[in-house]
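# Examination of the molecular architecture
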Amino acid sequence: MKMLKISLLAVAFGLMSFSAITPVKTMVTKVANYASVLVWKSETIDVGSIPQGTPKPIIFEFKNTGKTPVILTNVQGSCGCTATNYTKTPIAPGKSGTVTATYNAAAMGAFTKTVTVTSNAEATPKVLTIKGTVVAATVKS
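The model shown is predicted, which means the values in this text are computed figures rather than measured ones. Every chain is numbered on its own, with residues counted from 1 as its sequence reads. In view of the model being predicted, local features appear only for residues whose pLDDT reaches at least 70, and side-chain atom pairs are presented and counted only at 80 or more, with totals across whole chains, interfaces and linings using the full set of residues. Note that water and hydrogens are dropped before the side-chain values are worked out from all heavy atoms of the structure.

### A closer look at the pattern of salt bridges
Keep this limit in mind: Salt bridge, as applied in this entry: a Lys or Arg side-chain nitrogen positioned within 4 Å of an Asp or Glu carboxyl oxygen. In this text, helices come from DSSP runs of H or I with a minimum length of four residues, and strands from runs of E with a minimum of two, each type numbered from the N-terminal end. Per-residue accessibility, obtained with a 1.4 Å probe over protein chains only, is compared with the maximum for each type, and a residue is labelled buried under 20%, exposed over 50%, and partly exposed between these values.
Enumeration over the complete set of coordinates arrives at two salt bridges. Residue Lys126 is joined to Glu43 by a salt bridge in which the shortest nitrogen-to-oxygen separation is 3.4 Å. Taken together, the residues span a long stretch of sequence, with Lys126 in strand β8 (residues 126-135) and Glu43 in the loop between β1 (38-40) and β2 (44-51) at a distance of 83 residues. Take Glu43: its relative accessible area is 36%, and that puts it in the partly exposed class.

In structure tokens:
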């Protein structure tokens, strides 16, 4: 009799383990609600022809259209030929800031360079583009 009770108990537990449905947990990725709060005057600037050996500063302007201050956390040129500078203080709502990329026009020919801007306003960095043509410097007589 004791063996029968143990067997029935084992069968009952075995059936309960099959009938129990493990709850499925849905993986929810929390993504911050990033609205495009930085409005750029231009994301691509064509500087045209620039003389070889003359660094050319290019200024990208933007405005904070959001409701909180924006902080630029990193600005990086695509190569060593592009130095960057940018507004390092928080940009209040409704205010403007700049990113300056200075291209060292050493090699002749057409060029396209990028500047990557990381901020607390956007989930992915903004990529700005500079393009133009480096021409031979004219010699003054």
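This is not the end of the story, as more comes after the structure.
### Looking at the side chain of Ser119
Just so we agree on the cut-off: Polar contact is defined as a pair of N or O atoms within 3.5 Å, subject to the rule that within protein one atom must be able to donate a hydrogen and the other to accept it, and that residues adjacent in sequence are counted only when both atoms are side-chain atoms. Two residues form a contact once any of their heavy atoms are found within 4.5 Å.
Mapped onto the secondary structure, Ser119 falls in strand β7 (residues 109-119). Here Ala121 takes part through its backbone nitrogen, which lies 3.1 Å from a polar atom of the side chain of Ser119. If we skip the residues at most four places from it in the chain, Ser119 touches Leu38, Val70, Ile71, Leu72 and Thr73.

### Digging into the state of the cysteines
To keep it simple, the criterion reads: Here, the term disulfide refers to a pair of cysteine sulfur atoms separated by no more than 2.5 Å.
According to the stated counting rule, one finds one disulfide in the structure shown. Covalently, Cys79 is tied to Cys81 through a disulfide, its sulfur atoms 2.2 Å apart. Linking Cys79 and Cys81, the disulfide has an S-S dihedral of approximately -45 degrees and is accordingly described as left-handed.

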